[in-house]
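# Fold and contact review
Now for the letters of each chain:
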Amino acid sequence: MKKVLLVLSCLLGLLLVVASSATAATEAEKQAAIDAGLEWLASNQEAAGSWYDADSRTAATGAALLSFLEEGYSAGTDVIINGNNYGDVVGEGLNYVFSQATTYAIGVEPTGNPDGDGDGLGVKFVLGGNNSRDTYVTGLVLPAIAATGTPGAVVTTGALSGMTYAEVVQDTVDYFAYGQADPGNVYRGGWRYYADYGQADNSTAQWPVIASLFAGDMGVSAPQFVRDELQYWIDYVQYRDGSGTGLDGSSGYDRPLMYNNAAKTGGLLVEMAFAGEDLGGTAYDLLHPDLLAALAYLDREWQGTPSGTWYGNFGHPYAMWSVYKGLETTIGLDDTTYITNYFYDPTTVTLDVGDTYTWWEDYCEWLVLNQGASGAWTGYSYWDGALSTAWNINILAATEIPNGNEPVPEPATMVLFGVGLLGLGMINRRRKKDQ
């Protein structure tokens, strides 16, 4: 589901309204923060169509593209705001990520055949042979391509020229299915830095999963064996001492008790939703003790702020985006039962009439209050600039993580543009929340 676009006159009117408001985070203020963030991204896009990131321009570009696409901006459509043509921003960003793509030979795995279209190829978005960023970067790019909603669009640049977007998504899912850790060691069912790495870690493993969920927007599904194998990894990497306190229920890094934190546990929840968590395909059954334990851990850690590179929640873009994805796919945005250890006192927050204070509203409150004057968020550690701003926009926009949880034995492949009034955009976000 994509939000309808806002015409320029509505955007300007919104900014005038928000300028006189001292409260956060009403729907109008969320939208103003989103629009300011998008304007910052548009103004800071590089000539090549990329966004700067010290670690990976391609990863940053995939994240930035998703924030524009989820707001309804599409390639080839002229929407000019303060001198930036958002249609061109999206088109040039897509051209950049496709210029970084390469094909990868795949074959039958011990657990099944990953080759959904039978062409013997997967696709990744880091040039050259195996690279320590393959899984992470590719997992950030695929959601943007799927979110275009244009399966029949044709790639016009790079090694994939002539392929349709749906074919690219299929081969990328095939790459991830091929790269999953094989039976025979404790890492079975997970992923690490590149295909068939031989090990796994739960900072990396969430990216093939989130990408595979978004692939459903183009009618592409991972083979059933990928979900079945993922269950082995979930069962291994979650720390369970049964105490209900401390680290119980959290996710470790490459073992149950190592670098456990909110970011990895958010990823664990996404994995549970994707795999079905032993629930016969019903990912949202909250009777499962492992799922409940992960939620309880996040509730205990909810008010955490950055500490060291990987720890914390509020103010840590990587953690907030990971936790958002995990909670959105399991309990939804409107739940008030499982996360109640709020960062802010709900009695001091002004909401729109009819809204209820939830974990998502708690996130939105922080994001609106801590956005920089430029429209960007400062980020933290590795995750600054384009990455932090793009992820925070997607949280504010109530981005829906596709999760039909209905895999098919063989993956199959099967221009939304709307211009509307401000009120329609807000109604659309409300519909996302109510699902």
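Please read these numbers as outputs of a predicted model, since none were measured by experiment.

## With respect to the overall build of the protein chain
When you go through the protein chain residue by residue, the secondary structure sums to 14 helices and six strands. By the burial criterion, 60% of the 435 residues in the protein chain qualify as buried.

## Considerations on the environment of Thr329
If you trace the backbone, Thr329 turns up in helix α11 (residues 317-330). Using a relative accessible area of 0% as the deciding quantity, one classes Thr329 as buried. On a C-alpha basis, the gap between Thr329 and Pro402 in space is 8.1 Å, while along the polypeptide they are 73 residues apart. Looking at Thr329, its side chain comes within polar contact range of the main-chain oxygen of Gly326, at 3.1 Å.

## Quick notes on the confidence of the model for the protein chain
Chain-level pLDDT for the protein chain is 88 on average; 85% of the residues reach the 70-or-more range. Every residue in residues 1-22 is under pLDDT 50, and counting partners more than four places away or in other chains gives 58 contacts.

## Describing the nonpolar core
Formed by 126 residues in total, the largest nonpolar core has its most connected members in Leu41, Phe68, Leu327 and Trp359. Contact partners of Trp359, with chain neighbours within four places excluded, come to Trp302, Tyr324, Leu327, Glu328, Ile331, Gly332, Leu333, Asp335, Ile339 and Tyr342.

## Overview of unusual backbone geometry
Apart from glycine, the bulk of residues carry a negative phi angle, and the bulk of peptide bonds sit in the trans form. Residues other than glycine seldom take positive phi values, yet Asn82 does so here, at roughly 50 degrees. Here Asn82 lies in the loop between β2 (80-81) and β3 (84-85). Of note, the phi angle at Asp196 is positive, near 55 degrees, even though the residue is not glycine. With respect to the helices and strands, the residue Asp196 is situated in the loop between α6 (165-179) and α7 (206-215).

## Description of the packing of helix α3 (residues 57-70) against helix α4 (residues 86-99)
The contact between α3 and α4 brings their axes to 10 Å, and the two run at 145 degrees. As for how α3 packs across α4, the hand of that crossing is left-handed. Residues Arg57, Thr58, Thr61, Gly62, Leu65, Phe68 and Leu69 of α3 form the contact with α4, whose own contacting residues are Tyr86, Val89, Val90, Gly93, Leu94, Tyr96 and Val97.

## Some remarks on the pattern of salt bridges
The full count for this structure, using the stated rule, is ten salt bridges. Close ionic contact of Arg57 with Glu46 constitutes a salt bridge, the shortest N to O distance being 2.8 Å. Pair noted here: Arg57 is in helix α3 and Glu46 is in the loop between α2 (27-43) and α3, with a separation of eleven residues, a long-range link. A residue is classified by how much of its surface remains accessible, and Arg57, at 33% relative accessible area, is partly exposed. Each of the salt bridges in this network shares a partner with another, and the network as a whole consists of Glu27, Lys30 and Glu361.

## Describing the environment of Gly72
Note that Gly72 resides in the loop between α3 and β2. Overall, the relative accessible area of 8% leaves Gly72 in the buried class. Each C-alpha atom, one on Gly72 and one on Thr148, is 8.9 Å from the other, the two residues being 76 residues apart in sequence.

## A short note on the side chain of Ser74
By the element assignment, Ser74 lies in the loop between α3 and β2. Within the structure, the side chain of Ser74 is placed 3.3 Å from the side chain of Thr77, a separation counted as a polar contact.

## Re helix α10 (residues 289-301)
For α10, which comprises 13 residues, the first-to-last C-alpha distance of 18 Å matches the rise-based estimate of 18 Å (1.5 Å per residue) to within 8%. Listing the buried residues of α10 in full gives Asp290, Leu291, Ala293, Ala294, Leu295, Tyr297, Leu298 and Asp299. In this structure, the buried residues of α10 make contact with α8 (224-237), α9 (262-275) and α11.

## Looking at the packing of aromatic side chains
For the coordinates displayed, the defined rule picks out 32 aromatic pairs. Judged by centre distance (5.9 Å) and plane angle (80 degrees), the rings of Tyr136 and Trp207 are edge-to-face. Of this pair, Tyr136 sits in helix α5 (residues 134-147) while Trp207 sits in helix α7, and the two are 71 residues apart along the sequence. On the basis of relative accessibility, which here comes to 3%, the residue Trp207 falls in the buried class. Seen from their ring centres, Tyr342 and Tyr357 are 5.1 Å apart, and the 85 degrees between their planes marks the pair as edge-to-face. Residue Tyr342 is found in the loop between α11 and α12 (359-369), and its partner Tyr357 is found in the loop between α11 and α12; the two are separated by 15 residues along the sequence.

## Some words on the environment of Glu39
Mapped onto the elements, Glu39 comes out in helix α2. Judged by relative accessible area, which is 25%, Glu39 ranks as partly exposed. In this structure, the C-alpha to C-alpha distance between Glu39 and Gly375, residues 336 residues apart in sequence, is 7.2 Å.

## Points about the packing of α2 against helix α13 (residues 385-396)
Two elements in contact, α2 and α13, have axes whose closest approach is 9 Å; the angle formed by their N-to-C orientations is 150 degrees. As judged from the angle between their axes, α2 and α13 are roughly antiparallel. In this structure, α2 meets α13 at a crossing whose hand is left-handed. On α13, the residues that touch Lys30, Ala33, Ile34, Gly37, Leu38, Trp40 and Leu41 of α2 are Gly385, Ala386, Thr389, Ala390, Ile393 and Leu396. Here the contact of α2 with α13 is built from residues that sort into nine nonpolar, three polar and one charged.

## What to know about α11
For an α-helix, the turn length of 3.6 residues means that residues three or four places apart are oriented alike. Here α11 spans 20 Å end to end across 14 residues, near enough to the 20 Å set by a 1.5 Å rise per residue. When you tally the buried positions in α11, you get 14 out of 14 residues, the bulk of the element. Downstream of α11 by one or two residues, Gly332 has phi in the positive range, about 85 degrees.

Rules behind the numbers
Residues numbered from 1 in each chain as written. Predicted model: local features only at pLDDT ≥ 70, side-chain atom pairs only at ≥ 80, totals over all residues. Heavy atoms only, no water. Helix = DSSP H or I, 4+ residues; strand = E, 2+ residues; numbered from the N terminus. Buried < 20%, exposed > 50% of the residue type's maximum accessible area, 1.4 Å probe, protein only. Polar contact = N/O pair within 3.5 Å; in protein donor to acceptor, adjacent residues only side chain to side chain. pLDDT = per-residue confidence, 0-100. Contact = heavy atoms within 4.5 Å. Core = buried A, V, L, I, M, F, W, Y, C linked by side-chain atoms within 4.5 Å. Axes fitted to C-alpha atoms, helices over the stretch in contact; angles between N-to-C directions. Left-handed = near helix turned anticlockwise from the far one by under 90°. Salt bridge = Lys/Arg side-chain N within 4 Å of Asp/Glu carboxyl O. Expected span 1.5 Å × (residues − 1). Phe/Tyr/Trp six-rings, centres within 6.5 Å; stacked < 30°, edge-to-face > 60°. Parallel < 35°, antiparallel > 145°, perpendicular 65-115°, else oblique. Nonpolar A, V, L, I, M, F, W, Y, C, P; charged D, E, K, R; others polar.

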